[in-house]
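# Geometric and topological summary
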Amino acid sequence: EFMVAEALAALGVPTTRGVAVVSGRASEHSSEEPCAVLLRAAQTFLRFGSFEVTLPHHQHKRPSPSPSDWQLLRRLADHCIDAYYPTVAAVPNSTEEEDPVLAASTRYRAFIFEVTRRTARLVAVWQCLGAIHGMLNTDNLSVAGVTLDHGSFAFMGAVDGGFVGSMSERSDRYCFRRQQETSRWACERFSEALLVLHCTDPQKMALEVTSAFDEEFRLAYDDGMRKKLGLKTAAPDLAGSLVALMEKTGADWTCTFSALTSTGSKRDLVEKICSFCTGNCLRSEWEAWLDRYIDIVSMEASSWDGASAGRLLAMSAVNPQVVPRQWLLKRAEDAAESSNHEELRQILNLLTRPYEAPDNPADTLPSPPLAANIDPTMLGPMGHKAVELLEDADFWRRLCPDLCVASMDSAAACSSNFNLDGDRVALLRTAMKHDGLFLLPPEALPWAADLSALAQGAAALHAVGLPPCFLWVYDEAWIMLAQISALLRQVLDMDCCFDLFAFCVPPGQPWLPPHRDRPYVIDRRELMSSSVHADGMPMYATCWIPLNDTPQASSCLMCVPRPLDAGYQDASDINPIAGLHQLDKVRCLSVDAGGACVLSHRLFYWGKIGDAVDVKESRPCPRAALSIAVADKIFELPRLARHMLPLPPLQLRVALAAGQTLLRDKLSSQDAETMELLWQCFLACSKQFGADFARNVYASYASTNRVNGG
């Protein structure tokens, strides 16, 4: 509340102000947090909802304090008009009406329209900043047209029309794209509450309020975007196409507009914007939009090559470099909890100077620097080595020269998704329902990544003692994930949950015992239910992608198909091959390199001993494969936020690979130093992961550490 209020004031947004926060003794209800008092200041704290106190009971969801007390309503409205709307106070009564109540209605109508217009202008300012209130009911909108109640207020990172700021309200009612609509609805409710004063047909008045709001919002928003783009005249089509492209590519709102204020070539600007895109950056579309933008700027007689210092200076005055992002507020919260008042003052100083370049450029980033500020001495005995792995892209490039890390070309490769026609999708869904699996041949999956280089990379990792899951450090693995995700979504209606793994099995070694990936019954939020939908589709599935050929004589997967497995649909999880006489149930899943084998979490399967053949060398070679899991959110929450796709930062890739290895590998066979290194790599970025995943990784590390005598 305090930080956001002060940040909004510095941004030039009409808002209540934070005067002080005073902390006190521990709460009687929680020993973890002290009590606190927030002192706020405003010209008024009257809200739209304040005028609902006189509504008759049948018009209100809960009993009104003063139902039908119209004199109270009149006094309240008169007070607001006299105190905050002097131009409305000067509106004379109608001379055409003899009834004094009807004669005064003109004044109250003017009051309603002025409140509506102020609210529309305020919401337009929010929209231009990529900000969202998050809880726009009538109790959270001020009659003075200022921002009220900042607990749910948030600033978008990657542009997403469905973004919701409030953690307590997850419906799309209060999302970014509906902010105008929801605020207009509140203005209509405000008009209804004053019906007995303005004496106008409710439907007619609602239409007039809607028209007034929309017109004022359009003018204010178009003018705000004109200023942000440094134009002399509004260009709503250009601004609209920019916002659409930002959402399409997952561009960061604040960073994109900040980038537009910089000098440099068009190519430099495209690269800068694309560095803030969390989706496919679509360089050609950004170049096309910038061509339109440059043409308009040129027609307005402004030079693009840096001579238009005045235009860029004006843009810098309306495009902030720093906004109160969630990670900055979390930093402030952590500082408050540890009584680090100096850190709090530094953050407050940063947020109240939003148009200045901060001393630390990382403060402008959409997400916190994952490892840049890590103190190796705080990470334990392997801290220095962990930081090296997290930050040194060249280390990974030297290890596997044929693979890429953070290559500028990789983002484009991520856009070549696989898509199937409706008939093929139906066939694969039928196979999944009937057999619990389906196979895709290599020719159906034209990968944009070099699979043989990935297979060699797995062997290189194995040679230096690093777990194969670190293949996910390389761009090629993420390119493959991006390509196949659309196909898996088509067939399974599920998205990647970031349960990502890799295998490198030396010839002659066992690697995957008989098992089922997940239990039959789920228990989430006190709801007990089957983990298979009523139509037979699973809520979790794993996509296996062999990086080298796996014929029947090699290390392919083996399984018991669903029709022959009583345990598939049975919570008892019986072993379907408990007796030797039942081995005729076994099916070999032979897939060539680049194909895919997609398995339900209920399938009973295992891996044969690895003796994969290197076709070029005609000798046994390690069996290498990637695995990608998708899940229904009601069954398993994603381990990472999806906006990190398609190419997460290096530090996050390393941390994910370390966490996955700690969670799934047989660490008792790992030496203590390697296990500690994995833990430190994960620990450095652990706050970026889902809480369930982080807890499970810690539990696995702690358990293994105890077993090994640590």
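Let us now look at the packing of helix H5 (residues 179–193) against helix H7 (residues 202–228). Closest axis-to-axis distance for the H5/H7 pair is 9 Å, and the angle between their directions is 140 degrees. On the basis of the axis angle, H5 is oblique to H7. Where H5 crosses over H7, the two elements pack in a sense that is right-handed. Seen from H5, the contacting residues are Gln180, Ser183, Arg184, Cys187, Glu188 and Ser191; seen from H7, they are Met205, Ala206, Val209, Thr210, Phe213, Asp214 and Phe217.

Let's shift gears to the sheet that holds strand E12 (residues 596–600). One open sheet holds the 5 strands; their spatial order is E5-E12-E9-E16-E6, and the pairing between them is antiparallel. Both edges of this open sheet fall to strand E5 (437–440) and strand E6 (495–505), since each of them pairs with a single strand only. On average, each strand axis in the sheet is tilted by 15 degrees relative to the strand beside it, whichever way the strands run. As paired strands, strand E9 (residues 540–546) and strand E16 (residues 623–631) are joined by 7 bridges and run antiparallel to one another.

The next point concerns the nonpolar core. If you look at the biggest cluster of nonpolar residues, it comprises 102 residues, and the most contacted ones within it are Trp396, Leu471, Trp472, Ile484, Leu492 and Trp544. In terms of residue count, the dominant contributor to this core is helix H20 (residues 475–492) (11 residues). When near neighbours in sequence (up to four residues on either side) are disregarded, Trp544 contacts Phe503, Trp511, Leu512, Leu557, Gly595, Ala596, Cys597, Leu599, Tyr605, Ala625, Leu626 and Ser627. Counting 97 residues, the second largest nonpolar core, distinct from the first, contains Tyr84, Phe113, Leu194 and Tyr221.

The 3 strands lie next to each other as E11-E10-E13, forming an open sheet whose pairing is antiparallel. The open sheet has two free edges, formed respectively by strand E11 (587–589) and strand E13 (604–607), since each of these has just one partner strand. Between one strand and the next, the sheet's axes are offset by a mean angle of 30 degrees, whatever the strand orientation. Looking at chain direction, strand E10 (residues 557–560) and E13 are connected through 4 bridges and run antiparallel. Considered in E13, the bridge of Met558 is made with Trp606.

Next up on the list: the pattern of salt bridges. Inspection of every chain in the model, using the stated rule, returns 41 salt bridges. When the shortest N-O distance is used, the salt bridge between Asp394 and Arg397 registers 2.8 Å. Taken together, the positions of Asp394 and Arg397, both in helix H16 (residues 393–399) and 3 residues apart, correspond to about one turn of that helix. Judged by its relative accessible area of 40%, Asp394 falls in the partly exposed class. Two residues, Asp565 and Arg516, come together in a salt bridge whose shortest N-O distance is 2.7 Å. Of the two residues, Asp565 sits in the loop between E10 and E11 while Arg516 sits in the loop between E6 and strand E7 (521–524), which places them 49 residues apart along the sequence. Under the relative-accessibility criterion, Arg516 is labelled buried at 13%. When salt bridges with common partners are traced through the structure, they connect Glu1, Arg40, Arg47 and Asp149 into a single cluster.

Looking now at the packing of aromatic side chains. Ring pairs (aromatic) are described by centroid distance and by the angle formed between their planes. The tally for this structure, following the rule as stated, stands at 29 aromatic pairs. Each ring, one from Trp286 and one from Trp289, has its centre 6.5 Å from the other, and the planes form 80 degrees; the classification is edge-to-face. Of this pair, Trp286 and Trp289 are both found in helix H11 (residues 283–299), 3 residues apart, which corresponds to roughly one turn of the helix. Both residues of the pair, Trp286 and Trp289, belong to the buried class.

Quick look at the confidence of the model for the protein chain now. The predicted model of the protein chain averages 84 in pLDDT, with 84% of residues at 70 or higher. Counted against residues more than four places away or in other chains, residues 523–528, with its pLDDT under 50, gives 10 contacts.

Parameters at a glance
Residues numbered from 1 in each chain as written. Predicted model: local features only at pLDDT ≥ 70, side-chain atom pairs only at ≥ 80, totals over all residues. Heavy atoms only, no water. Axes fitted to C-alpha atoms, helices over the stretch in contact; angles between N-to-C directions. Helix = DSSP H or I, 4+ residues; strand = E, 2+ residues; numbered from the N terminus. Parallel < 35°, antiparallel > 145°, perpendicular 65-115°, else oblique. Left-handed = near helix turned anticlockwise from the far one by under 90°. Contact = heavy atoms within 4.5 Å. Pairing = 2+ DSSP bridges. Core = buried A, V, L, I, M, F, W, Y, C linked by side-chain atoms within 4.5 Å. Buried < 20%, exposed > 50% of the residue type's maximum accessible area, 1.4 Å probe, protein only. Salt bridge = Lys/Arg side-chain N within 4 Å of Asp/Glu carboxyl O. Phe/Tyr/Trp six-rings, centres within 6.5 Å; stacked < 30°, edge-to-face > 60°. pLDDT = per-residue confidence, 0-100.

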